[in-house]
Structure formats: C-alpha cells, structure tokens
Amino acid sequence: MEFNDVIHGHRSIRQYEDREVSQEVLGRVLEAGIRASSSGNMQSYSIVVTRDKEQRKKLYTPHMDQSMVLDAPVLLTFCADFNRMRKWLELNDAPIHFDNYMSFMIGTIDATLASQNCALAAENEGLGICYMGSTLANCDQIGELLNLPPGVVPVVGYSLGYPAEAPALRDRLPQHGLVHYEQYQDYTDEQIEDIYKDRNEKGWQRYMDVPKLKAMTEELGLKNLAQVYTIAKYTKESHLEYSQTILNYLEKQNFMNNEDSK
C-alpha cells in the first residue's frame, strides 16, 4: 500500500475473519515495531503476543468483555519494561535504578512508539487492529495473566487480524484546532465551538444511528456528545478508580521509588 493510504485509511476493526496470521507476516509487523524510536536506544519495552484461545478467554474479562479479544487471532500487548535493562546493569556492575515514575513514563513512551509502528505495518499487510484502553485501565489483572515480573507494566494493547468489516472512517478534529506554532495559544469559546462543530454533529449522529447507543443516550437523558463522554463513557468516578489501580500496580511493579535515597 502507499504510505499515505495506510495513514489516512486507519479505522478500528472489531470484527475479524476466521483466518490465522502467519508467523512470517507477524514477524514483519513486530520487526517494524522494533525499529521505532526509543529513548537513549534503551528499548525499554516488551511485546507480548497472545495467540492461544484459552489465554485470550482469560483476558476477555479484564479487557472489559470486548468481543475482538476472542474473535481476533492475535492480541499484542506492549509493556513498559525496565526488568530487562536492570538485569543487564546488574551483570555489568552498573548502578541499578530505573525504578521511579520517570522510568515508567520513558518505558510507556517507548512501548507506545513501538505499538504504532506495528499498527502501521499491520495495516500495510492488509490486517486490522483495534486499540484497547483496558490494557492500562486493568493493568494489574492483565499483568498477572501475562506473568509480568517487577519492572514491567502493560500500557498499550490491541487486537490483530484480517478485517471482516469495513467501517466508515471516523471524524478527526481539524488541524488548526490541534496544532500550535511557536507557543501554545489558548482557545476562545468561539474557537472551541468552531473546532468541535463537525465532531459534535458527526459524533452525535453516530450514536443516533446505532439503536443500542441511541437507547443508552435516551435512558441517561444525554443531549450532546460532550455529555456522552463525561456521563456515559469516561466518568470521573471510573477515572479515579482506574487511576488508583494504576498507581497501586506501579508501586507493586517497582516504579514508585521517587524519594532520593541519599
């Protein structure tokens, strides 16, 4: 495929053909991920490939019962990983740390960069993907199922397989609403209305076109897309709960040693 076609043709795929992804194709996808940029070339991430149907059944619940966990032939989980780096340091008589929040963020960025390289390579191979926010939200449960040692945290994951659907492209905010030159320019109310105009209309219409989603909005008395996001999809209570889950797991996985020990 042409590079621009890959970039501009991205869509989330939730329905997959009953067809395996060959190891040859998967190897090319993973190799693309390994070529991603990395902080200090430390490559502080790991990729867990899950093909086994029984293992995917176990992951179904922590992935919030999303059907593609079972229907896609492959799940990829990208983890922030300083376990490997710390072992290498120890073997070479170097100071061992990378056990703080900054280290977690470096690993998270490295893992995310690798995930997007893999995603682009996968779509170039004719595969489809669907990112799953449940990877981070339920990182503790997923980490346990993936047997992750201290120093490793799952942060990004998606289903992978041959698409059995061709959903319409989703809308995006206009470039002028996302890009700032030289310095951040805060928004006026009028600019916000302009930036979100199409999003408000197209996003709301998407909910109205799906009977289950329309019924949900009516039951909750929602009047616009902004209310959908904060009353139905991403409530304050859920974000606080997930935040605490992540913080607790970071402590368990040895990423919260943020005090100077001197």
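Scroll up for the structure.
Rules used throughout
- For every chain, the first residue of the written sequence is number 1, and numbering continues from 1 along that sequence.
- Local features in this predicted model are restricted to residues of pLDDT 70 or higher, and side-chain atom pairs are both shown and tallied only at a pLDDT of 80 or more, whereas totals for entire chains, interfaces and linings draw on every residue.
- For the side-chain quantities, the full set of heavy atoms in the structure was used; hydrogens and water were omitted.
- By the criteria applied, helices consist of DSSP H or I runs no shorter than four residues and strands consist of E runs no shorter than two, each listed in order from the N terminus.
- The buried label goes to any residue with under 20% of its type's maximum accessible area, the exposed label to any with over 50%, and the partly exposed label to all in between, with areas taken from a 1.4 Å probe on protein chains only.
- Note on contacts: a residue pair is in contact if any heavy atoms of the two residues lie within 4.5 Å.
- Note on terminology: a nonpolar core comprises buried Ala, Val, Leu, Ile, Met, Phe, Trp, Tyr and Cys residues joined through side-chain atoms within 4.5 Å.
- Note on geometry: axes are lines fitted to C-alpha atoms, helical ones only across the stretch in contact, with angles between N-to-C directions running from 0 to 180 degrees.
- Take the far helix as your reference; a near helix turned counterclockwise from it by less than a right angle gives a left-handed crossing, and one turned clockwise gives a right-handed crossing.
- Here, any two strands with at least 2 DSSP bridges between them count as paired.

Take Gly107: it is sitting in helix 6 (residues 101-124). We classify Gly107 as buried; its relative accessible area is 0%. For the pair formed by Gly107 and Ser243, sequence separation is 136 residues and the distance between their alpha carbons is 18 Å. The contacts of Gly107, once residues within four sequence positions are left out, are Ser44, Tyr45, Ala80 and Phe82.

Here the focus is the nonpolar core. Nonpolar side chains in soluble globular proteins tend to end up buried together. In terms of nonpolar packing, the biggest core is built from 49 residues, with Leu76, Phe78, Leu127, Val153 and Leu160 touching the most fellow members. It is helix 6 that provides the largest number of residues to this core, a total of seven residues. Membership of the second largest hydrophobic core comes to six residues, among which are Leu213, Leu222, Leu225 and Val228.

It is worth spelling out the packing of helix 2 (residues 23-34) against helix 6 at this point. Close contact between helix 2 and helix 6 brings their axes to 7 Å; oriented N to C, the two are set at 145 degrees. At the point where helix 2 passes helix 6, the crossing takes the right-handed sense. Every residue of helix 6 that contacts helix 2 at Val29, Leu30, Ala32 and Gly33 is listed here: Ala114, Asn117, Cys118, Ala121 and Ala122.

The strand order across the open sheet formed by four strands is 1-2-4-3, and the pairing between neighbours is antiparallel. Strand pairing shows two members of the sheet lacking a second neighbour, strand 1 (45-50) and strand 3 (128-131), which therefore form its edges. Geometrically, the sheet is characterised by an average inter-axis angle of 25 degrees between neighbouring strands, direction not taken into account. Sheet analysis places strand 2 (residues 74-81) next to strand 4 (residues 152-161), joined by eight bridges and oriented antiparallel. Bridged to Leu76 within strand 4 is Tyr158.

Read these as layout, nothing more, since geometry by itself doesn't imply function.
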